[in-house]
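# Summary of structural features
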Amino acid sequence: MGLLTSKQKEILLGPLSKNNPVVVQMLGICSALAVTSKLEPAIVMGISVTVVVAFANVIISLLRNTIPNRIRIIVQLVVAAALVTIVSEVLKAFAFEVNKQLSVFVGLIITNCILMGRLEAFALANRPWDSFLDGIGNGLGYGIILVLIGFFRELFGSGSLLGIKVVPQVFYDWGYVDNGLVILPPMALFIVATIIWVHRSRNKELQEN
Amino acid sequence: MKVLKDFYESLRPHFEEGGRFSMFRSVYEGMDSFLFVPDTTSRTGVHIHDSMDAKRTMTAVIVSLIFPLLFGIYNTGYQHNLSIGADPGFVMTFLYGLLSVLPQLLVSYVVGLGIEFTVAQWKGEEIQEGFLVSGMLIPLIVPVDTPLWMIAVATAFAVIFAKEVFGGTGYNIFNVALVTRAFLFFAYPASMSGDKVFVRTAATFGIGGGEVVDGFSGATPLGQVGIATKEMIGTFQAVDVTGQPLSTWDMFWGLIPGSIGETSVAAILLGGILLLYTGVASWKTMLSVFVGGAAVSALFNLVGTTVAMSLSPIEHLCLGGFAFGAVFMATDPVTSARTETGKYIYGFLVGAMAILIRVLNPGYPEGMMLAILLMNIFAPLIDYFVVERNITRRLQRVKK
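Every chain is numbered independently, its residues counted from 1 as its sequence is written. Numbering of ligands from 1 and lettering of chains from A proceed in the order in which they are written. Selection of residues for local features in this predicted model requires a pLDDT of at least 70, selection of side-chain atom pairs for listing and counting requires 80 or more, and totals for whole chains, interfaces and linings are taken over all residues. Side-chain measures here rest on the full set of heavy atoms in the structure, leaving out hydrogens and waters.

## A closer look at helix α4 (residues 72-94) of chain A
All names here are of chain A. Across its 23 residues, α4 extends 33 Å between first and last C-alpha, which sits within 8% of the 33 Å expected from 1.5 Å per residue. All of the buried residues in α4 are Val75, Gln76, Val79, Ala80, Leu83, Val84, Val87, Ser88 and Leu91. We call two residues in contact when some of their heavy atoms are within 4.5 Å. To qualify as a helix, a DSSP run of H or I must reach at least 4 residues; to qualify as a strand, a run of E must reach at least 2; elements of each kind are numbered from the N terminus. Where α4 is buried, its residues meet α3 (39-63), α5 (96-102), α6 (104-107) and α7 (113-121). Here the expected span of a helix is defined as 1.5 Å times the quantity of residues minus one. Each residue gets one of three labels from its accessible area relative to the maximum for its type: buried under 20%, exposed over 50%, partly exposed in between, using a 1.4 Å probe on protein chains only.

What follows is the structure in structure tokens.
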């Protein structure tokens, strides 16, 4: 056995598909709709959430035997808030433009259901290394969906990817017009729904009757 | 006819289970019941069959839609002639309109029916005839210059997300044709509003075309209302494409710029009478939409601080898509309220909301589409309360 045991592999890779926080557990939908009108903020948001969830998981996991049960939510919030502040400052320093596009949603990572959910459900009951993997897995699971949504929304809404025009000018000359609805949040919901549709039809055991 | 039927029957073995084209069986069955009246009868129990099945309902709607369609075709040519100052005679005017409208009709049917057939095939179900009506409605409620690929994209979106995911014909929450229009409206606003799209000035297949006359403006009367300033209250006058004033009768007969099938209240009312005569549409819904619209616009008249508010109720009811929506969209038996009392409430609110959106929202010159879609959401709720109230009332009668 190499670096990871099979259980740890499940912890890391499960959230990418079968136990995806967005399309299976339906968490973090709000920010998935809000920050995905372009691909770049979607990627940055995915990375930010991954970092915050992973390290918050580790810290809470290290503290899990000392945190009094009745004030655990406050402790979790303090840890998450500290990490979110760090991430927010880093973004402001090195990616100011993206930070402006993400606006309040960086700060709102604190209230992200995925973050609180993993802290409550996983970090409080597992060892730091497992918790770290769980955080990375869930953050990436969230990020993948965000990138998918951002990809389609930027492609069809602005005709570009990462700010670079990919729809050739000839198309526009022929009368192609970028779809304004894809830029609006409602269409993000349709894209999430379509992803879920495809995902469920590939994973029949997830279908509910 | 006998020959045709015999020929069609001779193909049947190929489409039965195990035949060469068994995968296309639902297409075969669909064409069978489309072309011929089914003669299958029930074998057990007591059944009363009404000849007014889904297919006859759809046929009645299609026939009533022919009035606005024919008028819309003529009007397309008429507006074109006005805009270039030509008079090629009735036949050429009609031909120009026909060639401009027909591609949209075809695209809408090909895309929509294509998806319906594919889904039916895929699920192994029979083909439902619901899209026959939607496919005809879609070209009637869009501007004549809407690019065909946009209609194709929007139709595909509407059929998949507003209809098939809910379970197909009869299960949709929203009116499919209106979802198509809403998609177009929000996705491609530049092609769905403004003064460039409602009058076709270019040549169609070599017919028509030419320099537009001086002072040409393709703005619809509602578009003109939307941009009118406060100083114009009392003096506002809707004009046609060449700047000539339009009377309320012009708006009623419908030789004005607008979406293809929506301009003529006269043609729409003819279709509406047919719908009422065949019993397909409910007069309760239809009437209460007009009452709701008239009531709210009369209220706005009392306020009268913008041009839109000061328009008389008659003008409000004649302009834009109001009449078309009231007759053909609000009465859609699937998406409207089903209880008899509910129909009054539903219709009244559709009319009221349409005028509210039209007058108060500066972003949208027209409100009928959004009003009907909004009320589609509330139709089940209205029905629920009507039924609940009925239950309570009858329970009380039992208790006494």
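Further notes follow.
## Focus on unusual backbone geometry
Within the chain, A:Met26 stands out as a residue other than glycine whose phi angle is a positive 60°. Positionally, A:Met26 belongs in the loop between α1 (6-13) and α2 (29-34).

## Observations regarding the packing of α4(A) against α7(A)
All names here are of chain A. For the pair α4 and α7, interaxial distance at closest approach is 11 Å and the crossing angle is 130°. Judged by the inter-axis angle, α4 sits oblique to α7. Crossing angle aside, the handedness with which α4 passes α7 is right-handed. Facing α4, whose interface residues are Arg72, Ile73, Gln76, Leu77 and Ala80, α7 presents Leu115, Met116, Leu119 and Glu120. Charged means Asp, Glu, Lys or Arg here, nonpolar means Ala, Val, Leu, Ile, Met, Phe, Trp, Tyr, Cys or Pro, and polar covers whatever is left, Gly included. Class assignment of the residues belonging to the contact of α4 with α7 gives a composition of six nonpolar, one polar and two charged. Fitted lines through C-alpha atoms give the axes, limited to the stretch in contact for helices. The angle between two N-to-C directions lies from 0 to 180 degrees. Roughly parallel covers angles under 35 degrees, roughly antiparallel covers those over 145, roughly perpendicular covers 65 to 115, and oblique covers all other angles. Crossings are assigned a handedness: left-handed for a near helix turned anticlockwise from the far helix by less than a right angle, right-handed for a clockwise turn.

## Observations concerning the environment of B:Ala120
Turning to its location among the elements, B:Ala120 is positioned in helix α4 (residues 90-123). On a C-alpha basis, the gap between B:Ala120 and B:Glu164 in space is 9.7 Å, while along the polypeptide they are 44 residues apart.

## A closer look at the domain arrangement of chain B
All names here are of chain B. A domain assignment, automatic or from a database, supplies the domain bounds used here. If you check the domain split of chain B, you get domain 1 (55-191) and domain 2 (281-399). For domain 1 versus domain 2, the distance between C-alpha centres works out to 24 Å. Contact with domain 1, which involves 19 residues of that partner, is made by 14 residues of domain 2. Here domain 1 packs against domain 2, burying approximately 1400 Å² in sum over the two surfaces, 82% of which is carbon and sulfur. Buried area adds together the accessible area that both of two parts lose upon being put together, with accessible area traced by a 1.4 Å probe. Of all residues in domain 1, Phe174, Asn175 and Leu178 bury the most surface against domain 2, accounting for 33% of the area lost on that side. Between Lys or Arg on one side and Asp or Glu on the other, a salt bridge is scored when a side-chain nitrogen of the former is within 4 Å of a carboxyl oxygen of the latter. Along the contact surface separating domain 1 from domain 2 lie zero salt bridges. We define a polar contact as two N or O atoms separated by no more than 3.5 Å, with the added condition that, inside protein, one atom must be a possible hydrogen donor and the other a possible acceptor, whereas residues neighbouring each other in sequence contribute only through side-chain atom pairs. Applying the counting criterion to the domain 1 and domain 2 interface returns zero residue pairs in polar contact (both at pLDDT 80 or more). Looking at the side of domain 1 that touches domain 2, the elements with two or more residues in it are α3 (54-84), α5 (131-140) and α7 (176-187). Broken down by element, the side of domain 1 that touches domain 2 gets its largest block of residues, seven residues, from α7.

## Some words on the packing of α3(B) against helix α11 (residues 265-278) of chain B
Residues and elements named next belong to chain B. Running from N to C, α3 and α11 cross one another at 170°; their axes reach a closest spacing of 8 Å. Considering the angle they form, α3 stands roughly antiparallel to α11. Packed against α3, whose contacting residues are Ala60, Val61, Val63, Ser64, Phe67, Pro68 and Phe71, the element α11 presents Ala267, Ile268, Leu270, Gly271, Leu274, Leu275 and Thr278 at the interface. Across the contact of α3 with α11, the residue classes tally to eleven nonpolar, three polar and no charged.

## Side note on the pattern of salt bridges
In the structure shown here, the tally under the stated rule is nine salt bridges over all chains. Between A:Lys100 and A:Glu97 there is a salt bridge, and its shortest N-O distance comes to 3.8 Å. Separated by three residues within a single helix, A:Lys100 and A:Glu97 lie in helix α5, roughly one turn from each other. A salt bridge links B:Lys343 to B:Glu340, with the shortest nitrogen-to-oxygen separation between them at 3.3 Å. Of the two residues, B:Lys343 and B:Glu340 both sit in helix α16 (residues 340-360), three residues apart, roughly one turn of that helix. The class of B:Lys343 is buried, set by a relative accessible area of 14%. Look at the salt bridges and you will find they share partners, linking B:Lys284, B:Glu340 and B:Lys343 into a network.

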